[in-house]
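# Coordinate inspection notes
Read off the chains here:
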Amino acid sequence: MAWTTPTDQPTGTVVTSTLWNSLLGLTGNQSMSANAVMTTAGDLVYRHASDANTLTRLGIGSANTVLKSDGSVPSWSAVAASELTAANWKLFYSNGSGAVQELALAASGVLTANGTSAAPTFEAAAAGGAITATATGTISGAGIVVSLNADGTVSATADGRVAAAATSVTNISSYSSNYTMGYVIGIYDDAADAVVIAWMDNHDSSGTWNDYKFKTAAASISGSTLTFGTVVDIDSVGQAGSYSLGYDPDTNKIWYGWHRGTGNMNAYLETGTVSGNTITLGGGFAYTGWQSTSISTQNSIKFAYDTDTSQMIFMFGSYSSPVKLWLAVVSESGGNITVNTADEVTDTGYTSCVGAVYMAGPSRLVVMSGGSGERNFATYSISGTTVAGDQQDTFSGHGTDQQYMEKNFLVPTSNASKLMYGNYYVTTNADIEYNFITVTAGSATTRAYSPSQQLTAQGNVGPFCCDRVGTTGDTYAIQSTYNNIWTGGTYGIQNIGTATPTLAIIGSLVTANPHNLNHVNVSMGNGWMGSSHGKIIGPLRGEPSSVANAECLLYTPASGTTTANNYVGISEAAVSDGASGTFTVISGTNTGVSGLTTGETYFLQADGSLSTSKDDVNYAEVGKALSATSILLSGVGDTSVTNQ
């Protein structure tokens, strides 16, 4: 039965069988509906190609087939390989307003979600082995090794290290007589960047006997050259029995302290200011309240600077009856020197060997003295201009054989409450002993190690000095004679570890005849001396066959840092300061390098260059060269290495 177009019936129409069958009968319009045409699960219906009012059933297709069209009717069929072209693929997404939109395919890229309120996009895939970072300082081009900064930026790897260097031995003066200038001492002026030395001079420029006059000279520093200025008489009247130097880092004054070995035997104080290599002295000062004119053994002259109260402390003592030690705060203003009330110590322990240093940790002045086997440590508090003793510790020296303590030193360590002490004691080899003491304000001074440690096999050690090198770590310089003290010796830079005391030479300067290291003194430009430069003064005296002179050398330890141990990668292009750029990191390949040998492994050097051999410190194995201009990065920096 053909399709009957439905019509509206007027009220009162009688439903006849003909009318019913045309609409709802087996062959009527009802049989033409989708429900009537579909017979099996998965059926689809579509309009017949030649009859607009006829529905055609399309049964479910076979597995893995797709619904296709031949241009007139649909069908189920497999997809041929020739049909899989880019032009046939489309992606659709909801635009959030109930409509579907097409997403055009990109030639390459990764489908990327952009949140719930933005359309997805195709983005370029992130390159492996690369990061984006901000540059601090300009990165000049591709192939530049970069290091990570503390703020997360990167900079071109830079080497700011300075190698250790020593000046040649410089003569301060030259006289015609074969008499030595004894007891050359020195100090470093941080403000003027100058060396200041002082000595007893027993001859004048013509060779005339000069009766041990106290003299000084300053040297300006230019690279590895010392240039000394005019020799200045500190005391041109009396004989200098013993003396010392101090430096005030707040006023930039050099302090001279000495006593006369003849005549009134007073204690004298003087200050000087250095400009270039010129020393300008103040008015001088003689103090008569500390000693008896009958005592000629007043040889304990020392300075220490109180960094808490910014005051200079002067020590003056004798090693024979009466055995005394005086300590007082001294000051200078407009050339006038003031000695405040002295604290007088009477103790058999204060003999010819006195050392002193101020410790900021416990806020105490520590004084070391001793002899005949005993080592005495006393601590003093400074309140205003008053010096007051508050504790003392006494113990025996190393070994049992002639423990006489002849020379000594007290040296700050990296621990603000710990000191290293040392002294020369008479044994078969005349060795040096050293130890570490921990100072706690208000309690007994305690020793970190007992018995003392010993620098053995030094061989007839004579007078010597020691101080800490640099402002960090625990490396110390020891200047001493290793052989016969009258004919020559060695200026040594030694390293003494604090955890397990050992000796390791980290550099040395050998001085043979005509240089004589008797009566040497070493002064550091760091720590309690008030400088951060780490320069070491090596004053000595010459003793050739025809010339007697005072001499000096300057040693500057290795310093500075390299950023190589923070290496992270290599630049892929030039990056301006403050701009962002791309940097190749581990697993990436950088093509901005040059001059490489294919197949070689390259290591990072301290200055940021690449080499096929490791640096003295292996900062990193950077990677393998794929060609002369490309390298596969395979390593990262070693952040455990040291900079020096």
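All values reported here derive from a predicted model rather than from experimental measurement.

### Let's talk about the overall build of the chain
- Looking only at helices and strands, the chain features 2 helices and 52 strands.
- Considering only residue pairs separated by 6 or more positions, the chain has 50% of its internal contacts joining residues 24 or more positions apart.
- In the form shown here, the chain has an accessible surface area of approximately 29,100 Å², with 50% of it arising from carbon and sulfur atoms.

### Focus on the sheet that holds strand β46 (residues 567-571)
- Pairing is antiparallel in the open sheet, where 5 strands are placed in the order β9-β47-β46-β10-β11. What marks the edges here is a single partner per strand, and that holds for β9 (130-134) and β11 (154-156). Averaged over all adjacent pairs, the angle separating strand axes in this sheet is 45°, with direction ignored.
- In this sheet, strand β47 (residues 580-584) lies alongside β46 in antiparallel orientation, the contact comprising 2 bridges. The residue bridging isoleucine 570 from the neighbouring strand is threonine 584, located in β47.

### Quick look at the sheet that holds strand β49 (residues 601-604)
- If you walk across this open sheet you meet the 5 strands as β48-β52-β51-β49-β50, and the pairing is antiparallel. In the strand order of this sheet, the two ends are held by β48 (589-590) and β50 (610-611), each with one partner.
- Pairing between strand β51 (residues 621-627) and strand β52 (residues 630-633): 4 bridges, direction antiparallel. Following the sheet pairing, alanine 625 is matched in β52 by isoleucine 631.

### Focus: the side chain of threonine 271
- Looking at where threonine 271 falls in the secondary structure, it is placed in strand β21 (residues 267-275).
- Excluding its chain neighbours within four sequence positions, the residues that come into contact with threonine 271 are Ile254, Trp255, Tyr256, Thr280, Leu281, Gly282, Glu332 and Ile337.

### Focus: a nonpolar patch on the surface
- Residues Val15, Trp20 and Leu24 make up a contiguous nonpolar surface patch of roughly 330 Å² in combined accessible area.
- Secondary-structure assignment places valine 15 in the segment before α1 (17-24).
- Valine 15 gets classed as exposed once you look at its relative accessible area, which sits at 57%.

### Looking at the side chain of aspartate 189
- Among the secondary structure elements, aspartate 189 is positioned in strand β14 (residues 185-189).
- Lysine 253 is the oppositely charged side chain nearest to the buried, salt-bridge-free aspartate 189, at an N-O distance of 9.6 Å.
- At 3.3 Å, the side chain of aspartate 189 and the side chain of tyrosine 247 are in polar contact.

### Focus on the pairing of strand β4 (residues 74-77)
- The sheet contact formed by strand β3 (residues 66-69) and β4 spans 4 bridges and is antiparallel. Counted as the bridge partner of leucine 67 is tryptophan 76 from β4.
- In textbook terms, the turn of a hairpin is the stretch between consecutive antiparallel strands, and for β3 and β4 this stretch comprises 4 residues, one of which, glycine 71, has a positive phi near 105°.

### Overview of the pattern of salt bridges
- Per the stated rule, a full pass over the model turns up 3 salt bridges.
- Taking the shortest distance from any N to any O, the salt bridge between arginine 57 and aspartate 43 comes out at 2.5 Å. Highlighted residues: arginine 57 in strand β2 (residues 55-58) and aspartate 43 in the loop between α2 (34-37) and β1 (44-47), separated in sequence by 14 residues.

### Some words on the confidence of the model for the chain
- Chain-level pLDDT for the chain is 75 on average; 67% of the residues reach the 70-or-more range.
- Note that pLDDT drops below 50 for residues 498-507; the model gives that stretch 28 contacts with residues more than four away or on any other chain.

### Regarding unusual backbone geometry
- If you check the backbone angles, asparagine 252 has positive phi at about 60° while not being a glycine.
- Position of asparagine 252 among the secondary structure elements: in the loop between β19 (240-248) and β20 (253-260).
- Residue serine 587 is not a glycine yet carries a positive backbone phi of 85°.
- With respect to the helices and strands, the residue serine 587 is situated in the loop between β47 and β48.
- Looking at serine 587, the relative accessible area reads 53%, which means it is exposed.

### Digging into the nonpolar core
- Counting residues in each nonpolar core, the largest one holds 19 residues, and the members touching the most others are Val196, Phe214, Ile254, Tyr256 and Trp258.
- For this core, the secondary structure elements donating two or more residues are β14, β15 (194-203), β16 (209-222), β19, β20 and β21.

### What about the environment of valine 367?
- Among the structural elements, valine 367 can be located in strand β30 (residues 364-371).
- Through-space distance from the C-alpha of valine 367 to that of leucine 327 is 10.0 Å; in sequence the pair is 40 residues apart.

### Focus: the packing of aromatic side chains
- Under the definition given, this model contains 7 aromatic pairs.
- Their ring planes at 50° and their centres at 6.1 Å tell us that tryptophan 255 and phenylalanine 303 sit as a pair that is tilted. Here phenylalanine 303 lies in strand β24 (residues 300-306) and tryptophan 255 lies in strand β20, a separation of 48 residues in the sequence. In terms of burial, tryptophan 255 and phenylalanine 303 fall into one category: buried.
- Consider the rings of phenylalanine 316 and tryptophan 326, whose centres lie 6.1 Å apart with planes at 40°: the pair is tilted.

### Notes on the environment of alanine 118
- Relative to the elements of secondary structure, alanine 118 occurs in the loop between β7 (110-112) and β8 (121-123).
- With relative accessibility at 38%, the residue alanine 118 sits in the partly exposed group.

### What to know about the environment of leucine 553
- Relative to the assigned elements, leucine 553 resides in strand β45 (residues 549-556).
- Placed 382 residues apart in sequence, leucine 553 and asparagine 171 show a C-alpha to C-alpha distance of 9.1 Å.

What counts and how
- Residues numbered from 1 in each chain as written.
- Predicted model: local features only at pLDDT ≥ 70, side-chain atom pairs only at ≥ 80, totals over all residues.
- Heavy atoms only, no water.
- Helix = DSSP H or I, 4+ residues; strand = E, 2+ residues; numbered from the N terminus.
- Contact = heavy atoms within 4.5 Å.
- Areas by Shrake-Rupley, 256 points an atom, 1.4 Å probe, with all protein chains shown as cover.
- Pairing = 2+ DSSP bridges.
- Axes fitted to C-alpha atoms, helices over the stretch in contact; angles between N-to-C directions.
- Patch = residues over 30% accessible without salt bridge, like charges linked within 9 Å, V, L, I, M, F, W, Y side chains within 5 Å.
- Salt bridge = Lys/Arg side-chain N within 4 Å of Asp/Glu carboxyl O.
- Buried < 20%, exposed > 50% of the residue type's maximum accessible area, 1.4 Å probe, protein only.
- Lys, Arg positive; Asp, Glu negative; His and termini not counted.
- Polar contact = N/O pair within 3.5 Å; in protein donor to acceptor, adjacent residues only side chain to side chain.
- pLDDT = per-residue confidence, 0-100.
- Core = buried A, V, L, I, M, F, W, Y, C linked by side-chain atoms within 4.5 Å.
- Phe/Tyr/Trp six-rings, centres within 6.5 Å; stacked < 30°, edge-to-face > 60°.

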